[in-house]
Amino acid sequence: MKVLGCTGGIGSGKSYVSNIFNKMGVPLYCSDEMAKKLYDTDEPLREALLSLLGRDIMKDGVIQREAMARKIFSSADLLQKTEELVHPAVMRDFERWKEKWRGSDFVIMESAIILQKPLVRRAADRILLVTAPEELRIERVIRRDNTTREAVLKRMAAQMTDEKMRAMADFTIFAGENQALLPQIIEVYNTMRTL
């Protein structure tokens with residue numbers, strides 16, 4: 001069974017595209033979503049995070065994402081140490097999840113960081129980049145997250161550029177307003193089924 005890694009910058013439409021594949025019957029693993037669940041369900045990960053970041057990130061038995069984010073995004077060292085705990089836990093969970101889908105032609109792992117992290121990159125046989133014009137991406141994120149243009153630009157500046165990602169991707173889907181998505185998705189779908 002093959003793994004298609006689906007990635008793209010913030011607001012690119014990667015979740016939307018991944019969900020279309022899922023509606024077509026392709027099993028979908030959203031690594032960002034699953035990482036957040038693992039904070040509360042993977043006891044070894046949870047204890048390691050509490051040990052690293054302090055028990056004050058937990059309230060009523062639940063790790064508080066905002067408190068955790070405040071700590072790790074203010075310290076490059078804490079961010080790196082947190083990633084060294086979280087990424088392997090997500091990959092172990094992905095491997096367990098994948099076992100349930102044996103017999104599928106392929107599965108999708110949606111991940112914003114798949115091209116930046118070798119541990120995550122190794123899980124995918126092929127990479128799909130979803131991209132869209134920058135202004136459209138900014139508008140999407142402002143609407144979705146109820147945030148400011150400046151905040152979106154700051155997040156975009158911290159991500160790998162579309163040009164760098166495109167050079168590393170096997171497929172690119174353009175999710176702008178003037179591109180038909182379904183023909184692009186069907187082309188990737190048919191290619192993945194024949195690998």
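All of these numbers come straight from a predicted model, not from anything done at the bench.

A. View of the pairing of strand 5 (residues 106-110). Taken across its 5 residues, strand 5 has 5 buried, putting it largely inside the fold. The pairing of strand 1 (residues 2-7) with strand 5 spans 5 bridges and is parallel. Within the sheet, the bridge partner assigned to Leu4 lies in strand 5 and is Ile108. Summarising the sheet, strand 2 (residues 28-30) and strand 5 pair through 3 bridges and their orientation is parallel. Pairing of Cys30 across the sheet is with Glu110, part of strand 5.

B. Focus on the layout of surface pockets. Considering only enclosed or pocket space, the largest pocket measures out at about 1800 Å³ in volume. Along the wall of the largest pocket there are 45 residues; nearest its centre are Asp32, Lys36, Phe73, Ala112 and Arg155. When contributions to the lining of the largest pocket are tallied by element, the ones reaching two or more residues are helix 1 (14-23), helix 2 (31-41), helix 4 (65-72), helix 5 (76-99), helix 7 (134-145) and helix 8 (149-157). Examining the composition of the lining of the largest pocket, we find that 7 residues originate from one element, helix 5, more than from any other. Residue classes in the lining of the largest pocket are distributed as 18 nonpolar, 11 polar and 16 charged. Within this model, the second largest pocket holds a volume of roughly 160 Å³. Contributing to the lining of the second largest pocket are Ala132, Pro133, Glu134, Arg137, Met156, Gln159, Met160, Thr161, Asp162 and Glu163. If you list the elements that add at least two residues to the lining of the second largest pocket, you get helix 7 and helix 9 (162-168).

Criteria and cut-off values
For every chain, the first residue of the written sequence is number 1, and numbering continues from 1 onward in sequence order. With pLDDT at 70 or above as the cut-off, local features in this predicted model cover only qualifying residues; side-chain atom pairs require 80 or more to be listed or tallied, and sums for whole chains, interfaces and linings still use all residues. Note that water and hydrogens are dropped before the side-chain values are worked out from all heavy atoms of the structure. Type-normalised accessible area, obtained with a 1.4 Å probe on protein chains alone, sets the label of each residue: buried when under 20%, exposed when over 50%, and partly exposed for intermediate values. For the purposes of this entry, the term helix denotes a DSSP run of H or I that reaches at least four residues, the term strand denotes a run of E that reaches at least two, and both are numbered from the N terminus. Pairing between two strands is assigned when DSSP locates at least 2 bridges connecting them. Two kinds of site are reported from a 1 Å grid over the protein atoms alone, namely cavities, where a 1.4 Å probe fits but cannot get out, and pockets, open sets with protein on both sides within 12 Å along at least five of seven lines, and residues are called lining when an atom falls within 4 Å of a point. Grid points are joined across faces, edges and corners, and a volume is the space filled by probe spheres set on the points. Amino acids outside the nonpolar list (Ala, Val, Leu, Ile, Met, Phe, Trp, Tyr, Cys, Pro) and the charged list (Asp, Glu, Lys, Arg) are all regarded as polar, and Gly is one of them.

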